[in-house]
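# Structural overview for review
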Amino acid sequence: MAKYLLLKHYRGGPTPYVDFGTLDQWKPEEVEAHFQYMRDFAAKLESTGEFVEGLAAAQEGTFVRYDGPGRPPVTDGPFAETKDLIAGWMVIDVDSYERALELAGELSAAPGPGGDPIYEWLELRPVLTEPPTVTE
Amino acid sequence: MNDVLLRELIPAVTAVLVRRGVDFATAEDAVQDALVRALTTWPDDAPRDPKAWLITTAWRKFLDTARSDGARHAREIRIASEPPPGPTDDTGDTLDLYFLCAHPSLSPPAAVALTLRAVGGLTTRQIAEAYLVPEATMAQRISRAKRTISDVRLDTPGDLATVLRVLYLVFNEGYSGEIDLAEEAIRLARQLAAMTDEPEVSGLLALMLLHHARRAARTTPSGSLVPLAQQDRTQWDTEAIAEGVAILQTALARDRLGEYQAQAAIAALHADAQQASQTDWVQIVEWYDELLRITDSPVVRLNRAVAVGEADGAQAGLVALEQVELTVPRRTAVQAYLRERAGEVNSAAHLYAEAARAATNLAERDHLTRQAARLNALLH
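Quick caveat, the model's predicted, so the values are computed rather than measured.

Cut-off values and rules
- Every chain is numbered independently, its residues counted from 1 as its sequence is written.
- All chains are assigned letters beginning at A, and all ligands numbers beginning at 1, according to the order in which they are written.
- Residues qualify for local features only when their pLDDT is at least 70, as the model is predicted, and side-chain atom pairs are given and counted only at 80 or more; totals for whole chains, interfaces and linings, by contrast, use all residues.
- The basis for every side-chain value is the complete set of non-hydrogen atoms in the structure, without hydrogens or water.
- Starting at the N terminus, helices and strands are each numbered in turn, a helix being any DSSP run of H or I of at least four residues and a strand any DSSP run of E of at least two.
- Any helix carries an expected span of 1.5 Å times its number of residues minus one.
- The rule is simple: take the accessible area with a 1.4 Å probe, protein chains only, and divide by the maximum for that residue type; under 20% is buried, over 50% is exposed, in between is partly exposed.
- By definition in these notes, contact holds between two residues if any of their heavy atoms fall within 4.5 Å.
- In the analysis that follows, any N or O atom pair within 3.5 Å is treated as a polar contact, provided that within protein one partner can donate a hydrogen and the other can accept it, and provided that, for residues neighboring in sequence, both atoms belong to side chains.
- All the domain ranges listed were derived from an automatic or database domain assignment.
- Paired rings are identified among Phe, Tyr and Trp, the last through its six-membered ring, by centres lying within 6.5 Å, and are further divided according to the angle between planes into stacked (under 30 degrees), edge-to-face (over 60) and tilted (the rest).
- Should the NZ of a Lys or the CZ of an Arg lie within 6 Å of a ring centre and within 35 degrees of the ring normal, that charge is described as sitting over the ring.
- To form a nonpolar core, buried Ala, Val, Leu, Ile, Met, Phe, Trp, Tyr and Cys residues must be joined to one another through side-chain atoms within 4.5 Å.
- Any two strands with at least two DSSP bridges between them are considered paired.
- Interaxial angle, 0 to 180 degrees, is taken between N-to-C directions of lines fitted to C-alpha atoms, where a helix line uses only the stretch in contact.
- Should an angle fall under 35 degrees it is called roughly parallel, over 145 degrees roughly antiparallel, and 65 to 115 degrees roughly perpendicular, with every other angle called oblique.
- Whether a crossing is left-handed or right-handed is set by the direction in which the near helix is turned from the far one by less than a right angle, anticlockwise for left-handed and clockwise for right-handed.
- When residue character is reported, Ala, Val, Leu, Ile, Met, Phe, Trp, Tyr, Cys and Pro are called nonpolar, Asp, Glu, Lys and Arg charged, and the others, Gly included, polar.
- Buried area is calculated as the accessible area (1.4 Å probe) missing from two parts once they are joined, with the contributions of both summed.
- Every case where a carboxyl oxygen of Asp or Glu lies within 4 Å of a side-chain nitrogen of Lys or Arg is listed as a salt bridge.

A separate point is helix H16 (residues 298-312) of chain B. Residue and element names in this part refer to chain B. For H16, spanning 15 residues, the distance from its first C-alpha to its last is 20 Å, which sits close to the expected 21 Å at 1.5 Å a residue. Restricting attention to buried positions, one finds in H16 the residues Val-300, Leu-302, Asn-303, Ala-305, Ala-307, Val-308 and Gly-309. Those residues of H16 that are buried lie in contact with helix H15 (281-295), helix H17 (314-321) and helix H18 (331-341). Where H16 begins, the capping side chain belongs to Ser-297, and its oxygen is found 3.1 Å from the backbone nitrogen of Val-299. One or two positions beyond H16, positive phi appears at Gly-313, with a value near 100 degrees.

Set out below in structure tokens:
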């Protein structure tokens, strides 16, 4: 099995395939259908033994860095417009890269306005594992 | 009674229920229930006869389930009222469970999970923890695996090759957790070797023992990988090496070579060298040639190139590497290593950095990054 991180971005990544706007502009039932799709997707992965975790992040975040000894950390943001913004992630544990691609494709088809798939770009990243014992 | 002794009883207890007519999936669930209860109650109140306690507890659990499920299990209730059969064959039944849990119709990860639970006697929580997934996910993986094999009859002759593959995976790709999966794999291989008469089972057991012997030397206290050549060989477990070598020699004497015996032979040659410089690389290359004849695996071809590099020089190693497809994992790392040995430091530094970017595990990525940094420092 291999673990993969599915990253959902509010912004960033390739140019959106369709412009589905932001969720606050959708009809309430469309928003609800979208959320339900996400829940169903996670539940399905749990039943197939492939779900590890999923989390959503708030839309606003702050950049933080060290600023030298004895000084408080420096913060920057939140920004109204940043180049890239992570919306949330899901970790899956699957048999193959092909399976990870298949699931990412399915998650990307979550419904948007009018119930149509939003064709959302998702970022797929392999998670580093423990080293194998036998390597010679 | 410690947990390992408790785990050893699990397959036999499941077999008793199956013999009484309970289907495997139901029996295994009932035994898991009894196991979880044993783990909580035994520390304070250990039974005089642990196996009898497990059988009784699992049996009651099964009866409760069957009654609550009603008519569906009416047949099993009837079985339950019949007296249990006479003397039993624990060995044969445990062996059947190995075959069932590693059935070729299961994906390797499913077979690994089911084997650890039904043969290894681990709880779902322990297996989930070992593979870093939630308990609910692991529970689903196990019940799906059981559904996949629900039509397989326990008396069908099993496929030993898939059993060995599953144990190898447990040993080689296990994570760390409360349960030491390497030791668990060795325990299961040892148990299997006692029940079968097949040199490859011994070969796998020897392979595991010989690699496990190096465990203390394989990483620094902070978790960095130590390559074989740089390991402190005084830290190797001489007892495990002696046992591994003895088991391997007995297996090889039977003249039915297989991939695990050949791999173990390579590990034994490494174990034989007091210092890395004393390694008999010529003989190791010969064993890789044997291994290639048996498996024709690209990974073996890659490892052979490393051995050729040591036996006949880096240039020869690089020539051997040309036979390895570009897509084989760790090929770039090997290329970097051989290039450095050939004196091509600049190219090696680039290749190490490239290999680090493609690494699939953290310890290896960090190791390759250190190599790239070390060479870059020489170049600046």
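Here the focus is the environment of A:Phe51. Here A:Phe51 lies in strand E2 (residues 51-56). Judged by its relative accessible area of 13%, A:Phe51 is buried. Residues A:Phe51 and A:Phe41, ten residues apart in the sequence, show an inter-C-alpha distance of 9.6 Å. In this structure A:Phe51 touches A:Ala42, A:Leu45, A:Glu46, A:Met90, A:Val91, B:Pro134 and B:Thr137, once residues within four positions along its chain are discounted.

What follows is about the domain arrangement of chain B. Here chain B is described as being made up of domain 1 (1-88), domain 2 (89-195), domain 3 (197-221 + 231-273), domain 4 (280-325) and domain 5 (329-380). Centre-to-centre separation of domain 3 of chain B and domain 5 of chain B, based on C-alpha positions: 29 Å.

Glancing now at the packing of aromatic side chains. As enumerated under the stated definition, the model contains six aromatic pairs over all chains in all. Consider the rings of A:Tyr17 and A:Tyr119, whose centres lie 4.9 Å apart with planes at 50 degrees: the pair is tilted. One end of the pair, A:Tyr17, is in the loop between strand E1 (2-11) and helix H1 (28-47); the other, A:Tyr119, is in the loop between helix H2 (97-108) and strand E6 (122-126), and 102 residues separate them in sequence. Looking at A:Tyr17, the relative accessible area reads 60%, which means it is exposed. Judged by centre distance (6.3 Å) and plane angle (75 degrees), the rings of A:Phe20 and A:Trp26 are edge-to-face. Positioned above the aromatic ring of B:Trp59, the side-chain terminus of B:Arg20 is 4.6 Å from the ring centre.

Let us look at the nonpolar core. Residues and elements named next belong to chain B. Grouped together as the largest cluster of nonpolar side chains are 91 residues, with contacts concentrated most on Leu-116, Tyr-131 and Leu-192. What Leu-192 contacts, discounting residues up to four positions off in sequence, is Leu-95, Tyr-98, Leu-160, Val-163, Leu-164, Leu-167 and Val-201. Formed by 22 residues, the second largest nonpolar core is a distinct cluster that contains Ile-10, Val-22, Ala-30 and Ala-66.

Moving on to the environment of B:Glu135. Residues and elements named next belong to chain B. In this fold, Glu-135 is placed in helix H8 (residues 135-148). In the structure, Glu-135 is positioned eleven residues away from Thr-124 in sequence and 6.4 Å away in space, judged by C-alpha atoms. Not counting residues within four places of it along the chain, the set of residues in contact with Glu-135 comprises Thr-124, Arg-125 and Ala-128.

This part takes up the sheet that holds E1(A). Residue and element names in this part refer to chain A. Ordered in space as E2-E5-E1-E6, the four strands form an open sheet in which the pairing is antiparallel. Both outer strands of the open sheet, E2 and E6, are each paired with one neighbouring strand and no more. Strand-to-strand, the axes of this sheet are offset by a mean angle of 20 degrees, without reference to chain direction. Here E1 runs beside strand E5 (residues 85-94); their pairing, made up of nine bridges, is antiparallel. The residue bridging Tyr-4 from the neighbouring strand is Ile-92, located in E5. Across the sheet, H1 touches E1, E2 and E5, and the angle it forms with E5 is around 25 degrees.

Here we take up the packing of helix H14 (residues 259-272) of chain B against H15(B). Residues and elements named next belong to chain B. Relative orientation of the contacting elements H14 and H15 amounts to 170 degrees, with a least axis distance of 9 Å. Considered as vectors, H14 and H15 are oriented roughly antiparallel to each other. Note on packing geometry: the crossing formed by H14 with H15 is left-handed. Contacts between H14 and H15 involve Glu-259, Ala-262, Gln-263, Ala-265, Ile-266, Leu-269 and His-270 from the former and Trp-281, Gln-283, Ile-284, Trp-287, Tyr-288, Leu-291, Ile-294 and Thr-295 from the latter. Looking at side-chain class alone, the contact of H14 with H15 contains ten nonpolar, four polar and one charged residues.

In this section: the packing of H16(B) against H17(B). Residue and element names in this part refer to chain B. Following both chains from N to C, one finds H16 and H17 inclined at 160 degrees, their axes separated by 6 Å at the closest point. Classified by the interaxial angle, the pair formed by H16 and H17 is roughly antiparallel. In this structure, H16 crosses over H17, and the sense of that crossing is right-handed. For the pair H16 and H17, the contacting residues are Leu-302, Arg-304, Ala-305, Val-308, Gly-309 and Asp-312 in the first and Ala-314, Ala-316, Gly-317, Ala-320 and Leu-321 in the second. When grouped by side-chain class, the residues that make up the contact of H16 with H17 number seven nonpolar, two polar and two charged.

With 35 residues of chain B at the contact, the number on the chain A side is 21 residues. Each partner contributes to the roughly 2,400 Å² buried at the junction of chain B and chain A, and carbon and sulfur atoms together form 52% of this total. At the junction of chain B with chain A, the criterion picks out two salt bridges. Notably, a salt bridge pairs A:Glu136 with B:Arg214, separated by 2.7 Å at the nearest N-O pair. Across the contact surface, chain B and chain A share ten residue pairs in polar contact (both at pLDDT 80 or more). Of all the secondary structure elements, the ones that give two or more residues to the side of chain B that touches chain A are H8, helix H9 (160-172), H14 and helix H20 (362-379) of chain B. Top element by residues in the side of chain B that touches chain A is H8(B). It accounts for five residues. Of the residues assigned to the side of chain B that touches chain A, the class counts are 17 nonpolar, twelve polar and six charged.

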